[in-house]
Amino acid sequence: MKVAVIGAGPSGLVTLKTLLASSTSETPISVRLFEAEDKLGGTFRYRSYENAELVSSRQLTAFSDFRFPANGSDHLSLDEYCQHLEDYADHFKLRPHMTFGAKVVEIRRGNGGKGHIVTYTSKFPPVTRVDSGILKDDQTEEAENQSATNNLETYECDAIAICSGLHVEPSIPTLPGIAHVLSRGGQAIHSSEYKSRSQLTGKRVLVLGCGETAMDIAYESIQANAEEVTMCHRNGFLSFPKVLNDFEVFGVTFDGKLPIDGIITNLFENAYVHPWVKATRLRWFVSDFFIKRLLWFLTGTPAGCSQWVGELPSHRLGRAYTFLNKSTKAMPYINRPFKKPYLTQRFARYHDPKETLHDSRVIHLRSFPEGFDETGAVIFSKSERKEEKMWSGKVCRPNLVVFATGYEQNFKFLKRDGEGAYPTASEANVREVYKQGDETVGFIGFVRPGV
């Protein structure tokens, strides 16, 4: 049996290692991994930035058969994690089965619908390379594809494991009038192009999005002495620190440095839930009832952990409807105009980091823009949320727009139409790995846990 694995991120490496370990003399398995870049690591290497850390703890991130060293932080830097992946590949002797600089351009069915044919080029520029301030457009990519057509090679196999990841193709919404920002010397970049604080220093930064990367970039903007920082969201977020500490209860300070994902992924969260109970979301109602009241007692607000603004609407009930945002370094600067004394603070409180206590700077939280006017000023969506009421009279005229708007799930290399069309990850209905009836096409690593 021959298998092609697409992508050398953590999912691709584990898939390669597992397939090789499953090979026997009775059922031999030949595996070849194709990676478009020149090194392994995927998003963790090529879409990383200065000071970035994993938001999942080492306890949950570790491979069951290749643990992290005992010493070190609970949350690794991306450089440390990439080195761990390098060590993993060496430990299990995976490199002889890996082909780097091999961009897969097409996967199609074999003759008579049996097997698969992978077409790739090993002389293609890495797909994540971008010029400063501008992503590759469709015409550039088409031209590069055309220049590489003379160097195409094929690999025939019996099964495909697609491990290309969730974070490859930037998602950039259209904002009318953004040309007015650019014509005045401003820049617009996707968060995948952000690399260091030097890009933010002295800028009027507008961060579009409220996920973990958006929070990181907003915080880094403050630390880089940006002239002004504004962060925009569409419908709120749920903020929780990745490490649970800095609580004071009845005069006793809790500084246990306990990773929040280790608390969430407990026995009861992973136990079997009857489909009827699951459909009613009863466990979420019960857990949210207690968690929100505990947060109110400890931090003065039930919206999140010391989250005084940007709360989710009531119909999005906690973790049943959203991911936790575990990048919280920006929250003291977002909270500052909204945080106020609360009833229980004489008994319990949450301490902001000491370095923020004597810092008066603010990150302005606003609604998502409708566009820009002819002067380059942001036209914010009308909203009754308190943050929009707070800042509604303030003009925001950025000279750096950062689209922290995530990624699109794109499988351009798969034949999608007509006879022999392939499914995509969203159509995988058997443990969200493959589509029933098409067992030789697997999608590995496309399920994100809610922790």
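Above this note sits the structure.
Here is a short report on the structure shown in this document. (Residues numbered from 1 in each chain as written. Predicted model: local features only at pLDDT ≥ 70, side-chain atom pairs only at ≥ 80, totals over all residues. Heavy atoms only, no water.)

### Digging into the overall build of the chain
In terms of helices and strands, the chain carries 13 helices and 24 strands. For the chain, the C-alpha atoms occupy an extent of roughly 70 × 55 × 45 Å along the three principal directions. Within the chain, buried positions represent 46% of all 451 residues. Residue pairs in contact within the chain that sit at least 24 positions apart in sequence constitute 70% of those at least 6 positions apart. Surface summary for the chain: the accessible area is close to 23,100 Å², and the carbon and sulfur share equals 53%. Across the chain, 54 positive and 53 negative side-chain charges occur, with their mean positions spaced 5 Å apart. (Helix = DSSP H or I, 4+ residues; strand = E, 2+ residues; numbered from the N terminus. Buried < 20%, exposed > 50% of the residue type's maximum accessible area, 1.4 Å probe, protein only. Contact = heavy atoms within 4.5 Å. Areas by Shrake-Rupley, 256 points an atom, 1.4 Å probe, with all protein chains shown as cover. Lys, Arg positive; Asp, Glu negative; His and termini not counted. Charge placed at Lys NZ, Arg CZ, Asp CG, Glu CD.)

### Description of the state of the cysteines
Scanning the model with the defined rule gives zero disulfides in all. No disulfide involves Cys 232; its nearest neighbouring cysteine sulfur is the one of Cys 396, lying 6.8 Å away. A relative accessible area of 0% means that Cys 232 is categorised as buried. (Disulfide = S-S within 2.5 Å.)

### What to know about the sheet that holds strand β18 (residues 348-350)
Taken together, the three strands give an open sheet; going across it, the order is β15-β14-β18, and neighbouring strands pair in antiparallel fashion. Taken across any chain shown, the strands that pair with only one partner, and hence form the sheet edges, are β15 (252-254) and β18. Within this sheet the neighbouring strands show an average axis-to-axis angle of 20 degrees, counted without direction. Bridge analysis of strand β14 (residues 247-249) against β15 gives three bridges, and the strand direction is antiparallel. Opposite Val 249, over in β15, you have Val 252 as the bridge partner. Packed on one face of the sheet, helix α11 (residues 282-299) meets β14 and β18 and runs near 90 degrees to β18. (Pairing = 2+ DSSP bridges. Axes fitted to C-alpha atoms, helices over the stretch in contact; angles between N-to-C directions.)

### Points about the sheet that holds strand β5 (residues 116-121)
The strand order β4-β5-β6 describes an open sheet built from three strands, whose pairing is antiparallel. Among the strands making up the open sheet, the edge pair consists of β4 (103-109) and β6 (152-157). Averaged over all adjacent pairs, the angle separating strand axes in this sheet is 25 degrees, with direction ignored. Pairing between β5 and β6: six bridges, direction antiparallel. Of the residues in β6, the one forming a bridge with Thr 119 is Thr 154.

### Topic: the packing of aromatic side chains
This model, assessed by the stated rule, comprises 19 aromatic pairs. Plain terms: the ring middles of Phe 63 and Tyr 88 are 4.3 Å apart, the flat faces sit at 40 degrees to each other, and that makes the pair tilted. In this pair, Phe 63 sits in the loop between α3 (58-61) and α4 (78-91) while Tyr 88 sits in helix α4, placing the two residues 25 residues apart along the sequence. Tyr 88 shares its class with Phe 63; the two are buried. By way of ring pairs, the aromatic residues Phe 63, Phe 66, Tyr 88 and Phe 92 are connected into one cluster. Over the aromatic face of Phe 92 sits the side chain of Lys 17, whose NZ or CZ is 5.0 Å from the ring centroid. We note Arg 293 situated over the ring of Phe 289; from NZ or CZ to the ring centre the distance is 3.8 Å. (Phe/Tyr/Trp six-rings, centres within 6.5 Å; stacked < 30°, edge-to-face > 60°. Lys NZ or Arg CZ within 6 Å of the ring centre and 35° of its normal.)

### Things to note about the nonpolar core
The biggest cluster of nonpolar side chains holds 58 residues, and the ones touching the most others in it are Met 98, Met 231, Ile 334 and Ile 363. Apart from residues lying up to four places away in sequence, Ile 363 is in contact with Ala 218, Tyr 219, Ile 222, Val 229, Met 231, Ala 330, Tyr 333 and Ile 334. Counting 21 residues, the second-largest nonpolar core is a separate cluster that includes Phe 34, Ala 102, Cys 157 and Phe 443. (Core = buried A, V, L, I, M, F, W, Y, C linked by side-chain atoms within 4.5 Å.)

### Quick notes on the pattern of salt bridges
Overall, the coordinates contain 18 salt bridges when judged by the stated rule. A salt bridge links Glu 86 to Arg 45; its shortest N-O distance comes to 2.9 Å. Of this pair, Glu 86 sits in helix α4 while Arg 45 sits in helix α2 (residues 43-46), and the two are 41 residues apart along the sequence. A relative accessible area of 14% places Glu 86 in the buried class. Arg 95 is paired through a salt bridge with Glu 86; the nearest N and O atoms lie 2.3 Å apart. Among the ionic contacts, a cluster of salt bridges with common partners joins Arg 45, Glu 86, Asp 90 and Arg 95. (Salt bridge = Lys/Arg side-chain N within 4 Å of Asp/Glu carboxyl O.)

### Some thoughts on a nonpolar patch on the surface
A surface patch of nonpolar side chains, amounting to about 580 Å² of accessible area, comprises Val 277, Leu 282, Phe 285, Val 286, Phe 289 and Phe 290. By the secondary structure assignment, Phe 290 is in helix α11. (Patch = residues over 30% accessible without salt bridge, like charges linked within 9 Å, V, L, I, M, F, W, Y side chains within 5 Å.)

### Here we look at the side chain of Thr 99
As for its position among the elements, Thr 99 is in strand β3 (residues 98-100). A polar atom in the side chain of Thr 99 sits 3.1 Å from the side chain of Arg 32. (Polar contact = N/O pair within 3.5 Å; in protein donor to acceptor, adjacent residues only side chain to side chain.)

### Overview of helix α1 (residues 10-22)
The end-to-end C-alpha distance of α1 is 18 Å, a good match for the 18 Å that 13 residues give at a rise of 1.5 Å each. Its buried side turned inward, α1 meets β1 (2-6), β2 (30-35), α2, α4, β3 and β7 (159-162). (Expected span 1.5 Å × (residues − 1).)

### Things to note about the side chain of Thr 356
Tracing the sequence through the fold places Thr 356 in the loop between β18 and β19 (364-367). At 2.7 Å, the side chain of Thr 356 forms a polar contact with the backbone oxygen of Pro 353. The residues contacting Thr 356, other than those within four sequence positions of it, are Pro 332, Tyr 333 and Arg 336.

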